[in-house]
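# Breakdown of the fold
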Amino acid sequence: MSWLQDDELELAADNLRARALEQAGEASHEFIIQWMERHRLTLDQAAQALGLSRRMLAYYRSGARPVPRHVALACLGFAAQAASSADPTLAFAV
């Protein structure tokens, strides 16, 4: 999608939806992607840290399913725990 007939300004529909979710105070699939990258977690590691199945986390990460508030809060809790830990890659006890 182009805005104002300017080919330099493009925004894919999924990115537009992600921005709308974030403005509404919800987490988008990009939140999950960024959280995993920030903590250098594989899909398996992230799913285990959040207490989710690999498949469900893959749905959230791809945008196929909306990210529930409790999952976003668990990501924030993990980040807080990692920030206070000597080793930021350690998962907190679930």
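Now for a quick tour of the structure. (Residues numbered from 1 in each chain as written. Predicted model: local features only at pLDDT ≥ 70, side-chain atom pairs only at ≥ 80, totals over all residues. Heavy atoms only, no water.)

What follows deals with the overall build of the chain. Summing up its helical and strand segments, the chain has five helices and two strands in all. When the helices and strands of the chain are read in sequence order from the N terminus, they spell out β-β-α-α-α-α-α. With 94 residues in all, the chain has 27% of them scored as buried. Across the chain, contacts joining residues at least 24 apart in sequence account for 43% of those joining residues at least 6 apart. Accessible surface computed for the chain: about 6400 Å², of which carbon and sulfur atoms make up 53%. (Helix = DSSP H or I, 4+ residues; strand = E, 2+ residues; numbered from the N terminus. Buried < 20%, exposed > 50% of the residue type's maximum accessible area, 1.4 Å probe, protein only. Contact = heavy atoms within 4.5 Å. Areas by Shrake-Rupley, 256 points an atom, 1.4 Å probe, with all protein chains shown as cover.)

Another aspect to go through is the nonpolar core. Core analysis: the biggest nonpolar cluster contains 19 residues, and Ile-32, Trp-35 and Leu-57 have the highest contact counts within it. With residues near it in sequence (within four places) discarded, Ile-32 still touches Leu-57, Tyr-60, Arg-61, Val-67, Val-71 and Cys-75. (Core = buried A, V, L, I, M, F, W, Y, C linked by side-chain atoms within 4.5 Å.)

A few words now on the packing of helix α2 (residues 29–38) against helix α5 (residues 69–84). For the pair α2 and α5, the least separation of the axes is 11 Å and the interaxial angle reads 20°. With respect to α5, the axis of α2 lies roughly parallel. The handedness of the crossing between α2 and α5 is left-handed. Here Phe-31, Ile-32 and Trp-35 of α2 lie close against α5, whose contacting residues are Val-71, Ala-72, Cys-75, Leu-76, Phe-78 and Ala-79. Residue classes in the contact of α2 with α5 are distributed as nine nonpolar, no polar and no charged. (Axes fitted to C-alpha atoms, helices over the stretch in contact; angles between N-to-C directions. Parallel < 35°, antiparallel > 145°, perpendicular 65-115°, else oblique. Left-handed = near helix turned anticlockwise from the far one by under 90°. Nonpolar A, V, L, I, M, F, W, Y, C, P; charged D, E, K, R; others polar.)

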